[in-house]
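Descriptive structure summary
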Amino acid sequence: DIQMNQTPSTLSMSIGERVIINCHASEIINTWLSWHQQKPENAPQLLISKASNFHTEVPSRFSGSGSGTDYSLSSSSLEPEDIATYYCVQAKSLPNTFGAGTKLELK
Amino acid sequence: EVQLVESGGGLVKPGSSLKLSCVASGFTFSSYGMHWIRQAPKKGLEWIALIYYDSSNKYYADSVKGRFTISRDNSKNTLYLEMNSLRSEDTAMYYCATGSFDYWGQGVMVTVSS
């Protein structure tokens, strides 16, 4: 199974700050990675697919990048509505595996 | 608008069975593979099953293999998860999602407790 090491597990940031979340795969996943946002008491929602492709209506402050085994999700400027837990998931091979999540908190 | 609506959850005793449903609308259901993913209370996401668009292939996580069965009825735009021999560790919110995790349902809670 491909292991996804997601860091950091918790992030305390201020409004307006840049946010970066990382996922490292245990083997090359050829950009078969997506990022999902889960707000408290809600279902996850897709933000970024195929490492860098925006999903419908995702704010332009979010972006994804990476290749090989290392991928990142960035927000150029944290907004209050971005407070959530973020997950990466690899779809290169089964079982699809999720990162452990990054909980984004307001400082 | 894409919608996925799960149902069928509840409180059951260990060893019991339960069948979840996920009704899809807003897209051509019969053209897409579908997943079930679960989330134990205050834990992360765990992929548990995938079914191809035509039911030709089904895949399971080791944690549910032999106990859970994924199926679909394309005439009813409905995905199913039949869960047998339920254990306390199966307690979770269960989500259905489209093949590339583009869309998720709102989830349905399954609690296994005596």
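Heads up: these notes are all about the structure in this document.

Quick notes on the rules
Along every chain, residues carry numbers that run from 1 in the direction the sequence is written. Chains and ligands are labelled by the order in which they are written, letters from A for the one and numbers from 1 for the other. Totals for whole chains, interfaces and linings use every residue, but because this is a predicted model, local features are given only for residues with pLDDT of at least 70 and side-chain atom pairs only at 80 or more, for both listing and counting. Where side-chain values are given, they derive from all heavy atoms of the structure, hydrogens and water being excluded. Disulfides are defined as cysteine sulfur pairs within 2.5 Å. Helix and strand definitions follow DSSP, with helices as H or I runs of at least four residues and strands as E runs of at least two, each counted in order from the N terminus. Only protein chains enter the accessibility calculation, which uses a 1.4 Å probe; a residue whose area is less than 20% of its type maximum is buried, one above 50% is exposed, and one in between is partly exposed. We call two residues contacting when some pair of their heavy atoms lies within 4.5 Å. What gets called buried area is simply the loss in accessible area from a 1.4 Å probe that two parts show on being joined, summed for both. Salt bridges, as used here, are contacts in which a Lys or Arg side-chain nitrogen is within 4 Å of a carboxyl oxygen on Asp or Glu. Distance and chemistry together define a polar contact, namely a pair of N or O atoms within 3.5 Å, with one atom able to donate a hydrogen and the other to accept it when in protein, and with adjacent residues in sequence counting only for side-chain atoms on both sides. DSSP calls a pair of strands paired once it identifies at least 2 bridges connecting them. Here, axes are lines fitted to C-alpha atoms. For helices the fit covers the stretch in contact, and angles between N-to-C directions go from 0 to 180 degrees.

Here we look at the state of the cysteines
Applying the stated criterion across every chain, the model contains two disulfides over all chains. Between A:Cys23 and A:Cys88 runs a disulfide, and the two sulfur atoms are separated by 1.8 Å. Across the S-S bond linking A:Cys23 and A:Cys88, the dihedral sits near -80°, which makes this disulfide left-handed. Taken together, the positions of A:Cys23 in strand E3 (residues 19–25) and A:Cys88 in strand E9 (residues 85–90) put the pair 65 residues apart, joining distant regions of the chain. Comparing A:Cys23 with A:Cys88, the two get one shared label, buried. Put simply, B:Cys22 and B:Cys96 are joined by a disulfide, and their sulfur atoms are 2.1 Å apart. Disulfide B:Cys22-B:Cys96: the torsion about the S-S bond is 65°, which places it as right-handed. In this pair, B:Cys22 is assigned in strand E3 (residues 18–25) and B:Cys96 in strand E9 (residues 92–98), connecting sequence segments 74 residues apart. By relative accessible area, which is 0% here, B:Cys96 ends up buried.

Some remarks on the interface of chain B and chain A
At the interface, 17 residues of chain B touch 16 residues of chain A. Summed over both partners, the interface of chain B with chain A buries about 1,300 Å², with 68% contributed by carbon and sulfur atoms. In terms of surface lost to chain A, no three residues of chain B exceed B:Leu45, B:Trp47 and B:Phe101, which account for 43% of the buried area on that side. Taken together, the connections running from chain B to chain A amount to zero salt bridges. Linking chain B with chain A are five residue pairs in polar contact (both at pLDDT 80 or more).

Considering the sheet that holds strand E8 (residues 70–75) of chain A
Residues and elements named next belong to chain A. Here four strands make up an open sheet; going across it, the order is E1-E3-E8-E7 and the pairing antiparallel. Two strands in the sheet have a free side with no partner beyond their single neighbour: strand E1 (4–7) and strand E7 (62–67). Strand after strand, the sheet turns through a mean of 15° between neighbouring axes, direction not considered. Examined bridge by bridge, E3 and E8 share six bridges and lie antiparallel to one another. What sits directly across from Cys23, in E8, is Tyr71.

A word on unusual backbone geometry
Residues and elements named next belong to chain A. A cis amide bond, omega -10°, links Thr7 with the succeeding residue Pro8. Secondary-structure assignment places Pro8 in the loop between E1 and strand E2 (10–13). Backbone geometry at Thr31 places phi at a positive 65°, although glycine is not the residue there. With respect to the helices and strands, the residue Thr31 is situated in the loop between E3 and strand E4 (33–38).

Points about the environment of B:Gly99
Residues and elements named next belong to chain B. Along the chain, the position of Gly99 falls in the loop between E9 and strand E10 (108–112). Take Gly99: its relative accessible area is 31%, and that puts it in the partly exposed class. Separated by 65 residues in the primary sequence, Gly99 and Met34 place their C-alpha atoms 4.8 Å from one another.

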